[in-house]
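A structural walkthrough
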Amino acid sequence: DEVFCPGGPFNSDFMDSSLMLSPSPFVDVFCPRRKRARISAPFIQREQEPASRKIVPSIDVLPDECLFEVFARLPSIRDRSACACVSKRWLMLQSSIRGSEFASTPACCGSVTATKVASATEKDTTKAALAVKDANGERVLPATIEVDGGDEEEEAADCDAGHLTRSLQGKKATDVRLAAISVGAAKLGGLGKLLIRGSNAIRGVTDVGLSAIARGCPSLRVLSLWNLSSVSDKSICEIAEGCHLLEKLDLCHCPNVSDKALLAIAAKCPNLSSVSLESCPLIGNEGLPAIGRSCLNLRSISIKDCPLVGDQGIAGLVASAAALSRIKLQGVNISDVSLAVIGHYGKSVAELSFTGLQHVGERGFWALGNAHGLNKLRTLHVSSCNGMTDMGLEAVGVGCPVLKHLCLRRCCLLSDSGLRAFARTVVALENLLLEECNWITQTGVLDSFSNCKANLKSLSLVKCVGINDVDDGLSPLPLCASLHSLTIRGCSGFGSRGVAVVGKVCPNLQNVDFSGVSGLRDSDLLSLTENCRAGLTKLNLNGCVNLTDDAIIRLVMFHGGSLRLLNLGGCRSLTDESLKVILANCPLLQELNMSGCSITDQGFFSFNSSNKGLLPDLQILSLSGCSQVSEKSLQVLGYLSGSLVGLNLQHCNLISSKAVGWLGERMWGCDILS
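Below or above, wherever it landed, is the structure these notes cover. Positions within a chain are numbered from 1, following the residues in the order the chain's sequence is written. In keeping with the model being predicted, local features are shown solely for residues with a pLDDT of at least 70 and side-chain atom pairs are shown and tallied solely at 80 or more, while totals for entire chains, interfaces and linings include all residues. Only heavy atoms go into the side-chain values, all of them from the structure, while hydrogens and water stay out.

Turning our eyes to something else, we now look at the overall build of the protein. Secondary structure summary: the protein contains 23 helices and 22 strands in total. By sequence separation, contacts in the protein at least 24 residues apart represent 79% of the contacts at least 6 residues apart. Within the structure as shown, the protein displays about 31,800 Å² of accessible surface, and the carbon and sulfur contribution to it stands at 52%. Helix and strand assignments come from DSSP, with helices taken as H or I runs of at least 4 residues and strands as E runs of at least 2, each series counted from the N terminus. By the convention used here, residues are in contact when the closest approach between their heavy atoms is within 4.5 Å. To measure how exposed things are, a 1.4 Å probe is used in the Shrake-Rupley method; for residues, cover is taken only from the protein chains shown.

Counting 163 residues, the largest nonpolar core has L225, L352, F354, L408, F514 and I582 as the members making the most contacts within it. In terms of residue count, helix α9 (residues 259-268) provides more of this core than any other element does, five residues in total. Those residues in contact with L225, other than ones at most four positions away along the chain, are I196, L210, V231, I236, D250, L251, C252 and C254. Formed by 10 residues, the second largest nonpolar core is a distinct cluster that contains F71, L74, C83 and V86. To define a nonpolar core, start from buried Ala, Val, Leu, Ile, Met, Phe, Trp, Tyr and Cys residues and group those joined through side-chain atoms within 4.5 Å. Relative accessibility under 20% of the residue-type maximum defines a buried residue, over 50% an exposed one, and the middle range a partly exposed one, all with a 1.4 Å probe and only protein chains included.

All right, on to the packing of helix α17 (residues 496-505) against helix α18 (residues 522-531) then. Fitted lines through C-alpha atoms give the axes, limited to the stretch in contact for helices. The angle between two N-to-C directions lies from 0 to 180 degrees. As a packed pair, α17 and α18 sit with axes 8 Å apart at the nearest point and diverge in direction by 5°. For the element pair α17 / α18, the angle class is roughly parallel. Facing S496, V499, A500, V502, G503 and K504 of α17, the residues of α18 in contact are D524, S527, L528 and N531. Classifying every residue of the contact of α17 with α18 by side-chain character gives four nonpolar, four polar and two charged. In what follows, roughly perpendicular refers to angles from 65 to 115 degrees, roughly parallel to angles under 35, roughly antiparallel to angles over 145, and oblique to any angle outside these ranges. Basically, the charged four are Asp, Glu, Lys and Arg, the nonpolar ten are Ala, Val, Leu, Ile, Met, Phe, Trp, Tyr, Cys and Pro, and anything else, Gly included, counts as polar.

Let's shift gears to the packing of aromatic side chains. The pairing test for Phe, Tyr and Trp rings, Trp by its six-membered ring, is centres within 6.5 Å, and the orientation test on the planes gives stacked under 30 degrees, edge-to-face over 60, and tilted for anything in between. Using the criterion set out here, one finds three aromatic pairs in the structure. Here the aromatic rings of F354 and F365 are separated by 6.1 Å at their centres, their planes lie at 75°, and the arrangement is edge-to-face. With F354 in strand β10 (residues 351-355) and F365 in helix α13 (residues 362-370), this residue pair connects regions lying 11 residues apart in the sequence. For the pair F354 and F365, one class covers both residues: buried. To sit over a ring, a charge needs its Lys NZ or Arg CZ within 6 Å of the ring centre and within 35 degrees of the ring normal. Here the basic side chain of R197 rests over the ring of W226, its NZ or CZ set 3.9 Å away from the ring centre.

Let us now look at the pattern of salt bridges. When a carboxyl oxygen of Asp or Glu lies within 4 Å of a side-chain nitrogen of Lys or Arg, that pair is called a salt bridge. One pass over the full model with this rule turns up 14 salt bridges. Between R221 and E247 there is a salt bridge, with its nearest N and O atoms 3.7 Å apart. Residue R221 is located in the loop between α7 (207-216) and β5 (222-226), and its partner E247 is located in the loop between α8 (233-242) and β6 (248-252); the two are separated by 26 residues in the primary sequence.

Moving on, we come to the pairing of strand β15 (residues 485-489). Most of β15 is tucked away: four of the five residues are buried. DSSP calls a pair of strands paired once it identifies at least 2 bridges connecting them. Both strand β14 (residues 458-462) and β15 contribute to a ladder of five bridges, which runs parallel. Its bridge partner lying in β15, L461 is registered against I488. Relative to strand β16 (residues 511-513), β15 runs parallel, the two being bridged by three bridges.

As a further point, take the packing of helix α15 (residues 416-425) against helix α16 (residues 442-451). The relative placement of two packed helices is expressed as an angle between their axes plus a distance between the axes. Across the interface, α15 lies against α16 with an axial gap of 8 Å and an inter-helix angle of 15°. When the interaxial angle is binned, α15 and α16 end up roughly parallel. In this structure, α15 crosses over α16, and the sense of that crossing is right-handed. Facing D416, L419, R420, A423 and R424 of α15, the residues of α16 in contact are G444, V445, D447, S448 and N451. Less than a right angle of anticlockwise turn of the near helix away from the far helix marks a crossing as left-handed, whereas a clockwise turn marks it as right-handed.

Cysteine sulfur atoms that come within 2.5 Å of each other are treated as a disulfide pair. Counted by the stated rule, this structure contains zero disulfides. With no disulfide of its own, C252 lies 7.2 Å from the sulfur of C280, the closest cysteine sulfur. Distance from the sulfur of C280, which forms no disulfide, to the nearest cysteine sulfur (C306) is 5.2 Å. Accessibility expressed as a relative area gives 0% for C280, which makes it buried.

So, on to the pairing of β5. Sheet faces and side chains relate simply in a regular strand, where the side chains alternate between the two faces. Counting buried positions along β5 gives four out of five residues, so the element sits mostly inside the fold. As paired strands, strand β4 (residues 191-197) and β5 are joined by five bridges and run parallel to one another. Paired with K193 across the strands is V222, a residue of β5. Following the backbone out of β4, through α7 and into the adjacent parallel β5, one traces a crossover that is right-handed. Strand direction decides the pairing type here: β5 and β6, joined by five bridges, are parallel. What sits directly across from S224, in β6, is D250. By convention a crossover is right-handed if, when the strands point away from the viewer, the path from the first strand over the helix to the second runs clockwise. Regarding topology, α8 serves as the crossover connection from β5 to the parallel β6, and that connection is right-handed.

The buried count for α8 comes to seven of 10 residues, which makes it a mostly enclosed element. Buried within α8 we find D233, S235, I236, E238, I239, A240 and G242. Contact partners of the buried residues in α8: α7, β5, β6 and α9.

For the rest of this paragraph, the subject is helix α23 (residues 657-666). Three or four residues apart is the spacing at which side chains of an α-helix point the same way, because the helix has 3.6 residues per turn. Along α23, the residues classified as buried are A659, V660 and L663. For α23, the angular spread of the buried residues around the axis is 100°, confining them to a single face. Exposed residues pointing more than 90 degrees away from the buried face of α23 are listed as S657, K658 and E665. The inward-facing, buried residues of α23 abut α22 (634-637), β21 (646-648) and β22 (671-673). Summarising the geometry, the arc corresponds to the directions from the helix axis toward the C-beta atoms.

What follows covers the environment of V205. Following the sequence through the fold, V205 ends up in the loop between β4 and α7. Spatially, the C-alpha atom of V205 lies 7.2 Å from that of V231, the residues being 26 residues apart in sequence. Not counting residues within four places of it along the chain, the set of residues in contact with V205 comprises A173, T174, D175, L178, I196, S199, L210, L228, S230 and V231.

Among the secondary structure elements, D250 is positioned in strand β6. Look at D250: it is buried, it has no salt bridge, and the nearest opposite charge is R197 at 4.7 Å. Here the side chain of D250 touches W226 through a polar contact of 2.9 Å, side chain to side chain. Contacts described as polar in this section are N or O atom pairs within 3.5 Å, which, within protein, must combine one atom able to donate a hydrogen with one able to accept it, while residues neighboring in sequence count only if both atoms come from side chains. Reaching out from D250, the side chain makes a polar contact with the side chain of S276 at a distance of 3.5 Å. The residues contacting D250, other than those within four sequence positions of it, are L223, S224, L225, W226 and S276. Positive: Lys, Arg. Negative: Asp, Glu. His and the chain ends are not part of the count.

Okay, structure coming up:
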């Protein structure tokens, strides 16, 4: 029976206080003991906790689902970024929320501020909280964030058309950093460009980090991923789902990315204009045609070392991508069919590059030119392709009427007859480079000059062993007045007679590179310089060991007023006389290399404070290996502090590190190598 007695015998002095309830200050309620339910759990004896230890309430006991709902109702981007700095768990939860999942209005949850949420925990978040605010308390997520415990700083953010650029390399590339970028980029205008080069060996970039970017950065336009073995189709599909504005995609050494990712990109990213694929072994013929059909703005495609890519993929891509202007193929398993398709459908192609196409033969390059579809082709690079023969080169000259730049490397079957036929047919060629084309001779080059209808401006012959001296008494020698730049490098058979012929054939040369022509003598150089009427601006004689001071003095007297670059590295017979003449007579000189020359301090003493304005534009000076230059010359070098940005003093044994330090303090804007 229940008995109500005000004050009576049933007070706390006579009974156990646990049996009493007090609904009011004057009424006591007595509850009789009741039988407790039996508990079948085993009896566990627990250690008694010390009285001083208190259980502190923490928001961390909430499951992720509850925290997700809380974060989704935060009223502003600033609050979300501040909460993301509390812990890794909060950061990763924030990065898992899409922009569309955040509540449009905060009324449903009241005014919840980031400061109140952060203060609910007992963690030390002071450092993280300071990392997301500037002096005015406005900036949310700067380039430095400490949530992953690292001491390194992220790359500084560069604003490109209102969007951020982030670049992560090596150990800085982790999922946590990507999550931080995903959360904080929204306040700073949105992420526009993301470049990842490698990843952390322990906590590398995986699908988790890229998925966070896909959810939080819908403004992403450029994505470049290099050497990411843990990234698969899953995250690339997430990028396609969340970043519809993507314009450039670069995948290099991503072994787990396949055609499935390219199909997703093709379906969701219609603005895609550039695709670069390198060493992706799972990408084949299925994804490329889909990109060609769906991405109408596609301008550039580069595919390198993807063994599953064949004729079906390349032909399907080129045939459907009408706006394609740049194609680069290297190490893919295509045949003559692909080149025929490119020649027929490449009506907008302006640049072509073929490297290491082992299955393309002579018929392929013949079809490339005779398809008459490359009416806009201006640049062609062919390297290590045995199919480029005389017949193929002639067909290219016929079928490419506006071709201006031709580069042929390691085309072993190309000979003088093909070069002559090409010169007769091409009409717009300006730049020609031949490297390791060993069947090309100097006679063939001269014949091409006499038959060339184009105004050739630049000719480069590199490591062509067939370029040998010819008799300069041959008549009539052709005249190539339009040629302004000539490079003959690493051609062991080229010597004094060849230089004499060059001087007669090319009177208007301005840029000359004879580096490595060890047989060049003083008389040969004088013959060339006397015939160059236009005035030399760049001259590279690196490794011409037989040149002496007499040739350099005469050279400077003829062309010192126009020279801007002079490279005399390795000309060990040159002394202080050459240096004095150069310092006194080359007012426009910007780069001077005298590494390995026999110059001393006496050469610099003529350049003192009274005439320190003689070289106002000199920016780079190299004295590497000049063992007789000592610290006495540093005072003279100090006069160049206003213009010099690069100084090479390596292997100058008479200059101490202390002296270099003194010079560095005086020339604080110059990079000094010592």
